[in-house]
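Topology and contacts: notes
Now for the letters of each chain:
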Amino acid sequence: MLYAITGLDVPDSLARRQASRPAHVARLQALQEQGRLMLAGPFPAIDAEDPGTAGYTGSLIVAEFASLAEAQTWANEEPYLAGGVYAHINVRPFRKTFPS
(Lines give C-alpha, C1' and ligand atoms only; values in the text may rest on other atoms or scores of the structure.)
Protein backbone atom coordinates (compact mmCIF):
# COMPACT_ATOMS: atom_id res chain seq x y z
CA MET A 1 0.00 0.00 0.00
CA LEU A 2 1.05 3.61 -0.49
CA TYR A 3 1.73 5.94 2.42
CA ALA A 4 2.08 9.72 2.50
CA ILE A 5 4.85 10.86 4.80
CA THR A 6 4.91 14.55 5.61
CA GLY A 7 7.61 16.22 7.61
CA LEU A 8 7.15 19.67 9.14
CA ASP A 9 10.36 21.68 9.43
CA VAL A 10 11.45 23.56 12.52
CA PRO A 11 11.98 27.32 11.99
CA ASP A 12 15.23 28.25 10.22
CA SER A 13 15.94 24.66 9.19
CA LEU A 14 17.94 25.36 6.02
CA ALA A 15 21.45 24.77 7.42
CA ARG A 16 20.36 21.55 9.17
CA ARG A 17 18.55 20.46 6.01
CA GLN A 18 21.69 20.96 3.92
CA ALA A 19 23.82 19.02 6.42
CA SER A 20 21.41 16.06 6.55
CA ARG A 21 20.50 16.04 2.85
CA PRO A 22 23.02 13.43 1.59
CA ALA A 23 21.70 10.77 4.00
CA HIS A 24 18.09 11.80 3.29
CA VAL A 25 18.58 11.51 -0.49
CA ALA A 26 20.38 8.16 -0.15
CA ARG A 27 17.32 6.66 1.59
CA LEU A 28 15.01 8.02 -1.10
CA GLN A 29 17.28 6.64 -3.83
CA ALA A 30 17.12 3.21 -2.19
CA LEU A 31 13.31 3.33 -2.26
CA GLN A 32 13.44 4.44 -5.89
CA GLU A 33 15.77 1.58 -6.85
CA GLN A 34 13.31 -0.83 -5.22
CA GLY A 35 10.47 0.65 -7.29
CA ARG A 36 8.65 1.84 -4.14
CA LEU A 37 9.02 5.64 -4.40
CA MET A 38 6.13 7.42 -6.13
CA LEU A 39 7.23 11.01 -5.46
CA ALA A 40 9.19 13.09 -3.01
CA GLY A 41 10.06 16.72 -2.56
CA PRO A 42 10.16 19.74 -0.27
CA PHE A 43 7.65 22.53 0.34
CA PRO A 44 9.37 25.85 -0.50
CA ALA A 45 8.82 28.54 2.13
CA ILE A 46 7.99 31.03 -0.64
CA ASP A 47 6.30 30.73 -4.03
CA ALA A 48 9.47 29.89 -5.96
CA GLU A 49 11.07 26.81 -7.49
CA ASP A 50 14.27 27.69 -5.62
CA PRO A 51 13.45 29.57 -2.42
CA GLY A 52 17.09 30.39 -1.70
CA THR A 53 17.69 31.44 1.88
CA ALA A 54 13.94 31.36 2.64
CA GLY A 55 14.36 27.59 2.74
CA TYR A 56 11.58 25.05 3.15
CA THR A 57 8.70 24.37 5.49
CA GLY A 58 8.60 20.60 5.16
CA SER A 59 8.54 17.68 2.75
CA LEU A 60 6.25 15.10 1.20
CA ILE A 61 7.18 11.50 0.40
CA VAL A 62 4.73 9.04 -1.14
CA ALA A 63 6.08 5.51 -1.11
CA GLU A 64 4.98 1.89 -0.92
CA PHE A 65 5.36 -0.07 2.29
CA ALA A 66 3.95 -3.42 3.47
CA SER A 67 2.10 -1.79 6.37
CA LEU A 68 1.52 1.42 8.26
CA ALA A 69 3.86 0.15 10.97
CA GLU A 70 6.64 -0.39 8.41
CA ALA A 71 6.10 3.08 6.95
CA GLN A 72 6.17 4.63 10.43
CA THR A 73 9.36 2.78 11.33
CA TRP A 74 10.99 3.99 8.10
CA ALA A 75 9.87 7.57 8.80
CA ASN A 76 11.15 7.45 12.38
CA GLU A 77 14.64 6.69 11.00
CA GLU A 78 14.56 9.74 8.70
CA PRO A 79 17.85 11.70 8.76
CA TYR A 80 15.91 14.98 8.69
CA LEU A 81 14.22 13.96 11.94
CA ALA A 82 17.50 12.88 13.57
CA GLY A 83 19.24 16.02 12.25
CA GLY A 84 16.72 18.39 13.80
CA VAL A 85 15.19 19.49 10.48
CA TYR A 86 11.73 18.08 11.16
CA ALA A 87 9.75 19.03 14.22
CA HIS A 88 7.20 16.35 13.40
CA ILE A 89 6.53 13.55 10.90
CA ASN A 90 3.07 12.31 9.99
CA VAL A 91 2.46 8.99 8.20
CA ARG A 92 -0.92 8.22 6.63
CA PRO A 93 -2.25 5.60 4.20
CA PHE A 94 -2.61 7.06 0.72
CA ARG A 95 -4.78 5.90 -2.16
CA LYS A 96 -3.67 7.13 -5.57
CA THR A 97 -6.62 7.94 -7.82
CA PHE A 98 -5.14 10.15 -10.57
CA PRO A 99 -3.45 9.94 -12.91
CA SER A 100 -4.86 6.49 -13.55
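Our subject is the structure listed above.
My aim in this report is to walk through the structure given alongside it, one point at a time. (Residues numbered from 1 in each chain as written. Predicted model: local features only at pLDDT ≥ 70, side-chain atom pairs only at ≥ 80, totals over all residues. Heavy atoms only, no water.)

**So, the layout of surface pockets**
Taken as a whole, the largest pocket spans an internal volume of roughly 270 Å³. Forming the walls of the largest pocket are 16 residues, and the residues nearest its centre are Arg17, Arg21, His24, Pro42 and Tyr80. For the lining of the largest pocket, the elements supplying multiple residues, two or more each, are helix 1 (14-33), strand 2 (37-44) and strand 3 (56-64). Looking at the lining of the largest pocket element by element, the count peaks at 7 residues for helix 1. A class-by-class count of the residues in the lining of the largest pocket yields 10 nonpolar, 4 polar and 2 charged. (1 Å grid on protein atoms, 1.4 Å probe; cavity = no way out; pocket = protein on both sides within 12 Å on 5 of 7 lines; lining within 4 Å. Points joined across faces, edges and corners; volume = space filled by probe spheres on them. Helix = DSSP H or I, 4+ residues; strand = E, 2+ residues; numbered from the N terminus. Nonpolar A, V, L, I, M, F, W, Y, C, P; charged D, E, K, R; others polar.)

**What to know about the side chain of Glu78**
Residue position: Glu78 is located in the loop between helix 2 (68-76) and helix 3 (79-82). Judged by its relative accessible area of 2%, Glu78 is buried. Among the polar contacts made by the side chain of Glu78, one reaches the side chain of Arg27 at a distance of 3.3 Å. Dropping the residues within four chain positions of it, Glu78 is found in contact with His24, Arg27, Ile61, Tyr86 and Ile89. (Buried < 20%, exposed > 50% of the residue type's maximum accessible area, 1.4 Å probe, protein only. Polar contact = N/O pair within 3.5 Å; in protein donor to acceptor, adjacent residues only side chain to side chain. Contact = heavy atoms within 4.5 Å.)

**With respect to the sheet that holds strand 2**
Judged by pairing direction, the sheet is antiparallel, and its 4 strands sit side by side in the order 2-3-1-4 without closing on themselves. Each edge of the open sheet carries a strand with a single partner, namely strand 2 and strand 4 (86-94). This sheet shows a mean twist of 15° between the axes of neighbouring strands, independent of strand direction. Direction of pairing for strand 1 (residues 2-9) relative to strand 3: antiparallel, over a ladder of 7 bridges. Within the sheet, the bridge partner assigned to Ala4 lies in strand 3 and is Val62. On top of the sheet, helix 1 reaches strand 1, strand 2, strand 3 and strand 4; it is set at about 10° to strand 3, its chief contact. Across the sheet, helix 2 is in contact with strand 1, strand 3 and strand 4; its angle to strand 4 comes to roughly 160°. (Pairing = 2+ DSSP bridges. Axes fitted to C-alpha atoms, helices over the stretch in contact; angles between N-to-C directions.)

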